[in-house]
Amino acid sequence: MSSEEWRLYGFAPVPRDPEVLFKDHPTASGPNPKQDLFTADDFPLPDTALVREVRAFAQRELDEQTFNHSNRVFVYGSALARTHFPAWKYAETPGIVETYALSCLLHDIGTAEKFLATTYLSFEFKGAIVARDLILSLGGPEPAADGVADAIIRHQDIFVKGGNITVVGQILQLATILDNVGLRANLIHPKLIETTTTKFPRKGWSEHFAGVIEKELTLKPWCHTSTFEVPNWRAGVQSNFATDVRGNDVMRPFD
């Protein structure tokens, strides 16, 4: 391992807690955060052989709603990084963009029909294993495979306050929670949401993903998703997470 690989693949450590990350932030704090006027077409997936093959795999294995969500997450995260974190040099570092794209395409692969009910592992952990193995089998660089796996494993660690996370992992967390519950949607331009949901339609994503949450909780009540729930959650108790997802008022007009 080297600091050069940190730079090239998005391993640089940043605060895990967004409240720390955004405290007194020059463009993201206050009542009127900066909203660069981007559209979905400003953020195409990298045109590399690895991304093309992984995209094809994800499209085969995921249902349409989850595949579209994965693409929206890439767009929203890219915009957040470009607008609010120029010091991360996201756009200027192709390895970071590719690693983030791979993370987006595969972050929910563990919810695919082939994997969700065929393992005792929580979907993030199974997904990370599938993603790492896939990238390496396609000849992808090991640091990228590791970065993707790390980001996928941690992408629902929403309640972890201390410590750090990788740049790629933080962007993935911010973008997934934005698409899923509308949190910090004011950090991107409304036009970006409009064009992204047109290009990658939600098709009832809020209800769909809430159903996935409830399915995993029912299958695996020990799963990592249960960290969103009351202590000692049991089947029959309404899911807090599913309720929050269904209550996504920001994205409701596009569902």
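Keep in mind that this is a model prediction, so the values were computed, not measured. (Residues numbered from 1 in each chain as written. Predicted model: local features only at pLDDT ≥ 70, side-chain atom pairs only at ≥ 80, totals over all residues. Heavy atoms only, no water.)

Draft legend 1. Broad picture of the environment of Ile177. Residue placement: Ile177 occurs in helix α9 (residues 167-181). C-alpha of Ile177 to C-alpha of Val245: the two residues are 68 residues apart in sequence and 9.3 Å apart in space. Dropping the residues within four chain positions of it, Ile177 is found in contact with Ile158, Gly182 and Leu183. (Helix = DSSP H or I, 4+ residues; strand = E, 2+ residues; numbered from the N terminus. Contact = heavy atoms within 4.5 Å.)

Draft legend 2. Fine view of helix α4 (residues 64-84). If you check α4, its first and last C-alpha atoms are 30 Å apart, about what 21 residues at 1.5 Å a residue would give, namely 30 Å. Counting buried positions along α4 gives 19 out of 21 residues, so the element sits mostly inside the fold. (Expected span 1.5 Å × (residues − 1). Buried < 20%, exposed > 50% of the residue type's maximum accessible area, 1.4 Å probe, protein only.)

Draft legend 3. Representation of unusual backbone geometry. With a phi angle near 65°, Arg184 is a residue other than glycine that sits in the positive phi range. Position of Arg184 among the secondary structure elements: in the loop between α9 and α10 (190-199). The phi dihedral of Lys203 is positive, around 50°, even though this residue is not glycine. Here Lys203 is to be found in the loop between α10 and α11 (205-219).

Draft legend 4. Representation of the packing of α4 against α10. Relative orientation of the contacting elements α4 and α10 amounts to 160°, with a least axis distance of 10 Å. In terms of orientation, α4 lies roughly antiparallel with respect to α10. For the crossing formed where α4 meets α10, the hand is right-handed. From α4, Arg72, Val75, Tyr76 and Ala79 reach across to α10, where they touch Leu192, Ile193, Thr196 and Thr197. (Axes fitted to C-alpha atoms, helices over the stretch in contact; angles between N-to-C directions. Parallel < 35°, antiparallel > 145°, perpendicular 65-115°, else oblique. Left-handed = near helix turned anticlockwise from the far one by under 90°.)

Draft legend 5. Quick look at the packing of aromatic side chains. What the rule picks out here adds up to 10 aromatic pairs. Ring centres of Trp205 and Phe209 lie 5.1 Å apart, and the angle between their planes is 10°; this geometry places the pair in the stacked category. Residue Trp205 and its partner Phe209 are located together in helix α11, separated by 4 residues, close to a single helical turn. The same class applies to Trp205 and to Phe209, which are both buried. Seen from their ring centres, Phe209 and Phe241 are 5.8 Å apart, and the 90° between their planes marks the pair as edge-to-face. In this pair, Phe209 sits in helix α11 while Phe241 sits in helix α12 (residues 240-246), placing the two residues 32 residues apart along the sequence. (Phe/Tyr/Trp six-rings, centres within 6.5 Å; stacked < 30°, edge-to-face > 60°.)

Draft legend 6. The arrangement of the nonpolar core in detail. Phe74, Tyr76, Tyr90, Tyr100, Leu106, Ile188 and Leu192 are the most contacted members of the largest nonpolar core, which has 59 residues in total. Elements supplying a minimum of two residues to this core: α3 (49-61), α4, α5 (94-106), α7 (123-137), α8 (142-154), α9 and α10. Setting aside chain neighbours within four positions, we find Tyr90 in contact with Phe74, Ser78, Ala81, Arg82, Ile96, Val97, Tyr100 and Ile171. One finds Phe228, Trp233, Phe241 and Val245 within the second-largest nonpolar core, a separate group that totals 12 residues. (Core = buried A, V, L, I, M, F, W, Y, C linked by side-chain atoms within 4.5 Å.)

Draft legend 7. A look at a nonpolar patch on the surface. A surface patch of nonpolar side chains, about 290 Å² in accessible area, is lined by Leu121, Phe125, Ile129 and Ile153. Summarising the element assignment, Ile129 is placed in helix α7. (Patch = residues over 30% accessible without salt bridge, like charges linked within 9 Å, V, L, I, M, F, W, Y side chains within 5 Å. Areas by Shrake-Rupley, 256 points an atom, 1.4 Å probe, with all protein chains shown as cover. Salt bridge = Lys/Arg side-chain N within 4 Å of Asp/Glu carboxyl O.)

From the geometry alone we can't say anything about function, so treat these as descriptive.
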